[in-house]
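Structural overview
Residues per chain are reported as follows:
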Amino acid sequence: MNAPAITELPVVVIGAGPAGLAAAAHLTERGIEPLALEAGAAAGAAVREWSHVRLFSTWGELTDPAAEKLLAPTGWTKPDATTYPTGGDWAEQYLQPLADVLRERVRFGATVTGVSRAGRDRIVDADRESQPFVVHVTYADGREERLFARAVIDASGTWTTPSPAGASGLPALGERAAADRITYRVPDLKDPAVRARYAGKRTAVIGSGASAFTALATLADIAKDDPGTRAVWILRRGLSGSTFGGGEADQLPARGALGLAAKAAVDNGYADAVTGFRTEAIERDGEGRLVLAGEDGHRLEPVDEVIVLTGLRPDLSFLSELRLGLDERLQAPVELAPLIDPNQHSCGTVYPHGHRELSHPEPGVYLVGMKSYGRAPTFLALTGYEQVRSVTAAIAGDLESADRVELTLPETGVCGGAGLFDDPAAGQADGGGCCAPAPALVQIGVGAPTATEVGAPAVTAVDVAPAGGCCGS
C-alpha cells in the first residue's frame, strides 16, 4: 500500500487553547484536516489553571470568527461582547464547546515529546522538504504513538515554563529548596485553603506586570479584613509614572484598572515596594521563614511566602530536531522579534504580522499564540487569532489571503519586559542615573514612616522615584 501524499496528511496543532483551537477551526473551514494534541485533560487546560482571574479583554475580543461559524449550528450563543469573563468562563463557555464540535480532531492527554522530519534529523539536507513531519506523542496512559503531518502549528503557549525569581534568568540559589513556600501563579484567594496560606502572613511579590498587579490587589483585599497580612513588592527597577501601566489612558480599560488597583494597594499602605533589588539567593531563617538576598549583598526582612511573577518562557525542547530561526534574546521568530521587542515597542506599536513573520528555515512549521512571542510580554488573543488565520491560509496555498494581514491592537500604557525594565535606572524620574540605585524600601501612603525610620526617601506619589544618584555620590 502506498503512503499517502503529504498534502493528504493532517496538520498537527500542538495545544487546544485559544490559538490552537482557532487554528483547528480555520483549517476545518478550508477543508484541511487538523489534529490538535492537548496535554491536558480538557480544552484550555492552561487557562483553567487561572480560572479565578478575570481577563482584561472583553468577550468581543476573545472569540475567533471561524470558530464562531463552527459553533453556530450547535445553538451556541456568544456571550455579551461588552463583558469581561474569567479564565474559567472562557474555558467553559467558549473553548470547551469549540473542542466538542471539533470532536475527534482534538485529542486530550496527548503530550508531544518531539517533532522532526521523517527519517531526517536536523543535520540532514537531502530530500528534506519532501518528507512529512513526524510527531512523537505520549498519552496519559503511557502509550506512545508516531504521527505524520503535512505541517505543524505549535500553539502550546508558555504557561508550563514560568521564569524564576533569580534576576539572572536562572533560579536563585535555594529557590528549588524553598519550593514549598513559593508559587509562580497568581493564587486563588477566594479558595479558603489558599487564602489561609496568605492571610496574616508577610508575602513577597516579585514581578512588575499585570500578574503582579493582580496579586498585590488581592493581597490588599485580604489585608482589609486581616491587618496582619502584608505584601512586599520587589522590583528590579525604580518606581516611576509608568510603574502601574497605562491607568485611565489604557485602551483596555480593565487592564488600566488593574494597575490602578495595585497602585491603591501601595498608596493605602497594604504593600511596601522594594526597588532596585535583584534576587540572588533565597534562604531560610531559624524559624523556617524565607530571606531574600540580593546580588549586592542586601538582605530583606523574612517573609512567609513568595509569589514569583517574572514572566513566562517557551519550551523549545521538543522542537530541537527542527530548524527554527529564533531571536537570540526573545526566543521569538527572527522576523517577528523586532516588532514586539519591549526595548523598542509598546503593545500599541506592534505592526500587523502573519505567516511571513512566523515562518522558519524549516518550511511548514509555525509557532503561534503566546509561544510566538517567546519571552516578550502582553500578548492578546486577537493577535493569535489573526496569526492562525494567516498561517492556515498559507498552508492552504492561498498566499493572497495569507498576506492580507489585518491587526489593530489597543494601545497600552506600558508593556514592560526583561530587557527594558530590568535596568533600575530606566525607572528613574530624571532618566539620568549612571548606575542601578541601591535597593530601597519605599513605604507610601497611609501610615508610612518618615524617611529616617526606614532609611530611604519617603515619597507621596508613585511617579517620584527614590533618590539614588550616581555611584559614589
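The preceding data block contains the structure.
Residue positions are counted from 1 within each chain, in the order its sequence is given. The model is predicted, so local features are restricted to residues of pLDDT at least 70 and side-chain atom pairs to those at 80 or more, both for listing and for counting; the totals for chains, interfaces and linings are taken over all residues. Excluding hydrogens and water, the side-chain values take into account all heavy atoms of the structure.

**Quick notes on the overall build of the protein**
A helix here means a DSSP run of H or I that spans at least four residues, while a strand means a run of E at least two residues long, and both kinds are numbered starting from the N terminus. Along its length, the protein carries 13 helices and 16 strands. Expressed as a percentage of its 473 residues, the buried residues of the protein come to 52%. At a minimum sequence separation of 6, the contacts of the protein that also span at least 24 residues come to 69%. Carbon and sulfur atoms make up 51% of the accessible area of the protein, which amounts to about 20,200 Å² in all. Accessibility here uses a 1.4 Å probe with only protein chains present; expressed as a share of the type maximum, an area under 20% marks a residue as buried, one over 50% as exposed, and anything in between as partly exposed. Contacts are residue-level and defined by heavy atoms, with any inter-residue pair within 4.5 Å sufficient. Throughout, the Shrake-Rupley method with a 1.4 Å probe supplies accessible areas, and for residues the shown protein chains are the sole cover considered.

**Some words on the packing of helix α1 (residues 18-29) against helix α10 (residues 381-395)**
A pair of packed helices can be characterised by two numbers: the angle between their axes and the separation between those axes. Here α1 crosses α10 at 35°, and the two axes come no closer than 9 Å. Two packed elements cross with a definite hand, and for α1 against α10 that hand is right-handed. For the pair α1 and α10, contact is made by Pro 18, Ala 19, Ala 22, Ala 23, His 26 and Leu 27 and by Tyr 385, Val 388, Arg 389 and Thr 392, respectively. Three residue categories are used. Nonpolar comprises Ala, Val, Leu, Ile, Met, Phe, Trp, Tyr, Cys and Pro, charged comprises Asp, Glu, Lys and Arg, and polar comprises the others, including Gly. Tallied by class, residues from the contact of α1 with α10 come to 7 nonpolar, 2 polar and 1 charged. Inter-axis angles, ranging from 0 to 180 degrees, are taken between N-to-C directions of lines fitted to C-alpha atoms, where helices are fitted over the stretch in contact. The crossing is said to be left-handed when, going from far helix to near helix, the turn is anticlockwise and less than a right angle, and right-handed when the turn is clockwise.

**What about the pattern of salt bridges?**
Whenever a carboxyl oxygen of Asp or Glu lies within 4 Å of a side-chain nitrogen of Lys or Arg, that contact is scored as a salt bridge. For the structure shown, the criterion picks out 23 salt bridges. Taking the shortest distance from any N to any O, the salt bridge between Glu 33 and Arg 105 comes out at 3.4 Å. With Glu 33 in the loop between α1 and β2 (34-38) and Arg 105 in the loop between α4 (87-102) and β3 (106-108), this residue pair connects regions lying 72 residues apart in the sequence. Note on Glu 33: relative accessible area 39%, which makes it partly exposed. Note on Arg 105: relative accessible area 22%, which makes it partly exposed. The salt bridge partner of Arg 284 is Asp 180, with a shortest N-O separation of 2.4 Å. Pair noted here: Arg 284 is in strand β12 (residues 279-284) and Asp 180 is in the loop between β7 (151-154) and β8 (182-183), with a separation of 104 residues, a long-range link. Using a relative accessible area of 40% as the deciding quantity, one classes Arg 284 as partly exposed. Salt bridges sharing partners connect three or more residues here, namely Arg 107, Asp 141, Arg 143 and Glu 145.

**Section: the environment of Tyr 139**
Mapped onto the fold, Tyr 139 is located in strand β5 (residues 133-139). Each C-alpha atom of the pair Tyr 139 and Phe 108 lies 8.2 Å from the other, and the pair is 31 residues apart in sequence. Excluding residues within four positions of it along the chain, Tyr 139 makes contact with Arg 107, Gly 109, Ala 110, Glu 145 and Leu 147.

**Here's the deal with the pairing of strand β1 (residues 11-14)**
What you see with β1 is no split at all: Val 11 and Val 13 on one side and Val 12 and Ile 14 on the other are buried throughout. Following DSSP output, two strands are said to pair if at least two bridges run between them. Of the pairings in the sheet, the one linking β1 to β7 comprises 4 bridges and is parallel in character. Within β7, the position partnered with Val 12 by the bridge is Val 152. Orient the strands so they point away from the viewer, and a crossover whose first-strand-to-second-strand path over the helix runs clockwise is right-handed. For the crossover from β1 across α1 to β2, the handedness is right-handed.

**Observations concerning helix α6 (residues 210-225)**
With 16 residues, α6 extends 24 Å between its outermost C-alpha atoms, agreeing within 8% with the 22 Å of an ideal straight helix rising 1.5 Å per residue. Taken as a whole, α6 has its buried residues at Ala 212, Phe 213, Thr 214, Ala 215, Leu 216, Ala 217, Leu 219, Ala 220, Ile 222 and Ala 223. One less than the residue count of a helix, multiplied by 1.5 Å, gives the span that helix is expected to have.

**Some points on the packing of aromatic side chains**
Stacked, tilted and edge-to-face are the three classes assigned to paired rings of Phe, Tyr and Trp, where Trp is represented by its six-membered ring and a pair needs centres within 6.5 Å; plane angles under 30 degrees give stacked, over 60 edge-to-face, the rest tilted. This model, assessed by the stated rule, comprises 4 aromatic pairs. Both rings, one in Trp 50 and one in Trp 90, keep their centres 6.4 Å apart while their planes meet at 55°; by these two values the pair is tilted. Here Trp 50, found in the loop between α2 (45-48) and α3 (65-71), pairs with Trp 90, found in helix α4; they are 40 residues apart in sequence, far enough to count as distant. Where Trp 76 meets Tyr 94, the ring centres are 6.1 Å apart and the plane angle is 50°; that geometry is what we call tilted. Linking Trp 76 in the loop between α3 and α4 with Tyr 94 in helix α4, this pair joins segments that are 18 residues apart in sequence. For the pair formed by Trp 76 and Tyr 94, the shared burial category is buried. The ring of Phe 133 is capped by Arg 117, whose NZ or CZ atom sits 4.0 Å from the centre of that ring. We count a charge as sitting over a ring when the NZ of a lysine or the CZ of an arginine lies within 6 Å of the ring centre and within 35 degrees of the ring normal.

**Examining α4**
Over its 16 residues, α4 runs 21 Å from end to end, which matches the ideal 22 Å to within 8%, given 1.5 Å per residue. Think of it this way: the bend at a residue is just the angle between two axes, each fitted to seven residues, one set ending at that residue and the other starting at it. The largest bend along α4 reaches roughly 35° and is located at Leu 95, with the proline Pro 97 sitting one to four residues downstream. Listing the buried residues of α4 in full gives Gly 87, Gly 88, Trp 90, Ala 91, Tyr 94, Leu 95, Gln 96, Pro 97, Leu 98, Ala 99 and Leu 102. Elements in contact with the buried residues of α4: α1, α2, α3, β3 and α10.

**Quick word on the nonpolar core**
As a rule of thumb, nonpolar side chains are buried together in soluble globular proteins. For our purposes a nonpolar core is just a set of buried Ala, Val, Leu, Ile, Met, Phe, Trp, Tyr and Cys residues, chained together by side-chain atoms within 4.5 Å. Judged by nonpolar contacts, the single largest core of 73 residues is most densely connected at Leu 21, Trp 90, Tyr 94, Ile 153, Val 205, Trp 233 and Val 368. What Tyr 94 contacts, discounting residues up to four positions off in sequence, is Trp 59, Leu 62, Thr 63, Asp 64, Ala 67, Leu 71, Trp 76, Asp 89 and Tyr 385. In terms of nonpolar packing, the next biggest core, distinct from the first, is built from 21 residues, Leu 37, Val 135, Val 137 and Val 152 among them.

**Side note on unusual backbone geometry**
For residues other than glycine, phi is negative in most cases, and the peptide bonds are mostly trans. The backbone phi angle of Asp 127 is positive, close to 60°, even though this residue is not glycine. With respect to the helices, strands and loops of the structure, Asp 127 is situated in the loop between β4 (110-117) and β5. In this structure, Gln 331 takes a positive phi of about 60° despite not being glycine. Among the secondary structure elements, Gln 331 is positioned in the loop between β14 (305-308) and α8 (337-340). With relative accessibility at 22%, the residue Gln 331 sits in the partly exposed group.

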